[in-house]
Amino acid sequence: MDRPWTADLGDGTYRNPVLNADWSDPDVVRVGDDHYLTASSFGRAPGLPLLHSRDLVNWTLVGHALERLEPAADFAFPRHDRGVWAPSLRHHGGRFWIFWGDPDHGIQQINSPHIEGPWSAPHLLKAGKGLIDACPLWDEESGEAYLVHAWAKSRSGIKNRLTGHRMSADGRELLDEGVTLVDADRLPGWFTLEGPKLYRHDGYFWILAPAGGVETGWQGAFRSRDFRGPYEERVVLAQGRTDVNGPHQGGWVRTAAGEDWFLHFQARGAYGRVVHLQPMSWDEEGWPVVGAAGEPVPVHTKPAAPAQPPAAPAVDDDFPGGRPGRQWQWTANPRPGWTAGHAGDARRAGDGLRLTCVRTPDEHDLRLLPNVLVQRLPAEEFTVEVDLALDSDEPGAKAGLAVLGDAFSWIGLTAGADGTPLLVHRFAEGVAAHERDAAEPRASPGGRARLRIEVTAGARCRFSADTGDGFRPSGQVFAATPWRWVGALLGLFATAPAGTGPAGTARFTAFRTTDPSPPASHGQRRADDEHLEDTAGACRGSGLPHGRARADGHRVR
């Protein structure tokens, strides 16, 4: 299998990022020899992705825990800055638990006896605006349960503060009004403290929490003998001399072999928040040491774990039985009729994915559409292709392959004024309210085309298509852009102008991605490492000593 990115280097080492896609705000838990990870999914459905690994390096997507977002009416249309923020994944009492903060509604919780479900309906544990980044703890020593969360200033007017509660053992009720555990306004140089993860270790309550903003921040650790504090703090991971900006917000896990590891994200613009794996140890004073003396590692020996073949979350899809794979999400809660299934028609069972050309007054702007099927950009550089057939002669009906963010561009097919199929390439800038042509339309005999997007460093996208006479480039290079906190996405869609009656369907088959550059050999990596050492002095990042912070890159959320 040709994967766009593989973290496992095949020689007992791995390279970062171990997940080279937008798995934002990761958290991880171990059950036996198995590790499970979840991440923010914001307003996309299904939400709360669930990934599995035996060795913390090779991950596969095994499902989602949240079929639809609630309240459903709030997520009937795209909400890329709302929904599921920074979930926590835990295992207690024979059940998996996920807690998260919805900044507009409050802290929610779901649970299941099995990672594959069924998961309980969301339970609103604490209602309110600006309640985010919730994490529970069941203290095995005392039998008590606790919850910690952060605050979004955009909704509450509060930030840089962590609040703690005692919680019922069943995770359904908070037992007090809450207390401020850490007020980072009182800590010189600390700002935008958020994303707390709560643990018990060595007689202490530990809160691992990032600060300093997504782009330029650092990872902090706080400890106290008492849950209510007072807490002492330390910076345990920062950019230092590396090129890993803002390495923070994630989860600590201890493997079955007794090794400690820390998974965190790095914000990479249009690529979103990719996930790194850092070794973790403890110093003589009992503080965690993350990475290489507090700096991220680019390459490292893999965790001691059962053998696992190289793996990465699926990207390619043949849409067997007309169904999209787990890697796909809708940009809002799905509605009946968006797909045209093949059930009961054995002749068309392998016919790929059929999307209905949904009538909408917003067909001019993909960013407004809930019926776009999306997945993450799978690597920094890759090529994606898909076959498209437009089964419609409705003027203005269209379908295509898109790169979707604050700006967007797509290539695909449309039915002209007389129903004749045309190949079109369109785009919209971030400030534009309406798409326009990126290239002159041209004929597409039979209403079929093979579509291609080549993505190179900097998320620069080159579009082309084959309508029967070979691939021909289309338009100018398009620079993908993220949304507010979400990376750019690959999208498939089918729409038609507002009106009545069926408008046809679009059939997508053979969705494929390829990697233009395989992993470097061990010798090449060694040469690269030597070069990095030679140039380290000229490449110093924003490493932060204790109590110091940079004020740029500040995020208010």
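Our subject is the structure that appears above.
Given the structure is predicted, the values throughout are model-derived calculations rather than measurements.

(A) Summary view of the overall build of the protein. Helix and strand content of the protein: 2 helices and 37 strands. A compact globule built from 557 residues would reach a C-alpha radius of gyration of about 24 Å, and the protein, at 24 Å, matches this within 12%. With the principal axes as the frame, the protein shows a C-alpha extent of 75 × 55 × 45 Å. Here the protein holds 557 residues, and 58% of them are scored as buried. Excluding contacts between residues fewer than 6 apart, the proportion of contacts in the protein whose partners are at least 24 apart in sequence is 60%. Summed over its atoms, the accessible surface of the protein is roughly 21400 Å², and 49% of this surface lies on carbon and sulfur atoms. In the protein, which carries 59 positive and 71 negative side-chain charges, the distance between the mean positions of the two groups comes to 3 Å.

(B) Quick peek at the sheet that holds strand β12 (residues 161-167). Taken in spatial order, the 4 strands make up an open sheet running β10-β11-β12-β13, and their pairing is antiparallel. Two strands close off the open sheet at either side, each with one partner strand: β10 (131-138) and β13 (179-183). Within this sheet the neighbouring strands show an average axis-to-axis angle of 25°, counted without direction. Note: strand β11 (residues 145-151) against β12, 5 bridges, orientation antiparallel. Each bridged residue has a counterpart across the sheet, and for Val148 the counterpart in β12 is Gly164.

(C) Inspection of the pairing of strand β37 (residues 505-514) at higher detail. Bridging between strand β24 (residues 353-356) and β37 involves 4 bridges; their strand directions are antiparallel. Note that in β37 the partner of Arg354 across the bridge is Arg507. Where strand β27 (residues 382-391) meets β37, 8 bridges bridge the pair, whose relative direction is antiparallel. By the bridge assignment for β37, Leu388 is matched with Phe508.

(D) The arrangement of the sheet that holds strand β2 (residues 27-31) in detail. Taking strand neighbours across the sheet as the criterion, the 4 strands line up as β2-β3-β4-β5 in an open arrangement whose pairing is antiparallel. At either margin of the open sheet sits one strand with a lone partner, and together these are β2 and β5 (60-66). Sheet twist, expressed as the average angle between the axes of neighbouring strands with direction ignored, equals 25°. Sheet topology note: the strand β3 (residues 34-38)/strand β4 (residues 47-53) ladder contains 3 bridges and is antiparallel. Note that in β4 the partner of Tyr36 across the bridge is His52.

(E) Highlighting the side chain of Asp25. Mapped onto the elements of the fold, Asp25 is located in the loop between β1 (13-15) and β2. Residue Asp25 is classed as buried on the basis of its relative accessible area, which comes to 0%. For Asp25, the side chain forms a polar contact with the side chain of Ser24, separated by 3.0 Å. One polar contact links Asp25 to Arg273, side chain to side chain, over a distance of 2.8 Å. Not counting chain neighbours up to four residues away, the residues in contact with Asp25 comprise Thr38, Ala39, Ser40, Phe42, Ala86, Pro87, Gln249, Phe265 and Arg273.

(F) Structural detail: the packing of aromatic side chains. Under the definition given, this model contains 21 aromatic pairs. The rings of Tyr199, Tyr204, Trp206, Trp252, Trp282 and Trp287 are connected pair by pair, giving a single aromatic cluster. Sitting above the plane of the Phe205 ring, Arg200 keeps its charged end 4.0 Å from the centroid. Above the plane of the ring of Phe77 lies Arg335, whose end atom (NZ or CZ) is 5.0 Å from the centre.

(G) Geometry of the side chain of His52. Mapped onto the elements of the fold, His52 is located in strand β4. When its relative accessible area of 17% is taken as the criterion, His52 is described as buried. A polar atom in the side chain of His52 sits 2.7 Å from the side chain of Asp34. The residues contacting His52, other than those within four sequence positions of it, are Asp34, His35, Tyr36, Asn58, Trp59, Thr60 and Val62.

(H) Focus on the pattern of salt bridges. Overall, the coordinates contain 31 salt bridges when judged by the stated rule. Across the pair Asp81 and Arg484 runs a salt bridge whose closest N-O atoms are separated by 4.0 Å. Here Asp81 is found in the loop between β5 and β6 (85-92), whereas its partner Arg484 is found in the loop between β35 (471-479) and β36 (489-497), with 403 residues between them in sequence. The partner of Glu363 in a salt bridge is Lys398, with the nearest N and O atoms 2.9 Å apart. Residue Glu363 is located in the loop between β25 (358-360) and β26 (373-376), and its partner Lys398 is located in strand β28 (residues 398-404); the two are separated by 35 residues in the primary sequence.

(I) View of the environment of Pro49. Looking at the element boundaries, Pro49 is found in strand β4. Judged by relative accessible area, which is 0%, Pro49 ranks as buried. Measuring from C-alpha to C-alpha, the distance between Pro49 and Gly32 comes to 20 Å, with 17 residues separating the pair along the chain. Contact partners of Pro49, with chain neighbours within four places excluded, come to Trp23, Leu37, Thr38, Ala39, Ser41, Leu61, Gly63, His64 and Arg376.

(J) Geometry of the nonpolar core. By size, the foremost hydrophobic cluster in this structure holds 67 residues, and its most contacted members are Trp59, Leu263, Val403, Leu451, Leu492, Phe508 and Phe511. The dominant element in this core, judged by the number of residues it contributes, is β27, at 5 residues. When neighbours within four sequence positions are excluded, Phe511 is seen to be in contact with Val315, Asp316, Asp317, Phe319, Trp328, Gln375, Val384, Glu385, Val386, Leu401, Leu490 and Leu492. Counting 44 residues, the second largest nonpolar core, distinct from the first, contains Val372, Val374, Leu404 and Leu489.

(K) Up close: the environment of Gly487. The residue Gly487 is located in the loop between β35 and β36 in this model. Between the C-alpha atoms of Gly487 and Glu116, which are 371 residues apart in sequence, the distance is 26 Å. Discounting chain neighbours no more than four positions away, the residues touching Gly487 are Asp22, Gly269, Ala270, Tyr271, Gly272 and Pro482.

What counts and how
- Residues numbered from 1 in each chain as written.
- Predicted model: local features only at pLDDT ≥ 70, side-chain atom pairs only at ≥ 80, totals over all residues.
- Heavy atoms only, no water.
- Helix = DSSP H or I, 4+ residues; strand = E, 2+ residues; numbered from the N terminus.
- Rg over C-alpha atoms; globule rule 2.2 N^0.38 Å.
- Buried < 20%, exposed > 50% of the residue type's maximum accessible area, 1.4 Å probe, protein only.
- Contact = heavy atoms within 4.5 Å.
- Areas by Shrake-Rupley, 256 points an atom, 1.4 Å probe, with all protein chains shown as cover.
- Lys, Arg positive; Asp, Glu negative; His and termini not counted.
- Charge placed at Lys NZ, Arg CZ, Asp CG, Glu CD.
- Pairing = 2+ DSSP bridges.
- Axes fitted to C-alpha atoms, helices over the stretch in contact; angles between N-to-C directions.
- Polar contact = N/O pair within 3.5 Å; in protein donor to acceptor, adjacent residues only side chain to side chain.
- Phe/Tyr/Trp six-rings, centres within 6.5 Å; stacked < 30°, edge-to-face > 60°.
- Lys NZ or Arg CZ within 6 Å of the ring centre and 35° of its normal.
- Salt bridge = Lys/Arg side-chain N within 4 Å of Asp/Glu carboxyl O.
- Core = buried A, V, L, I, M, F, W, Y, C linked by side-chain atoms within 4.5 Å.

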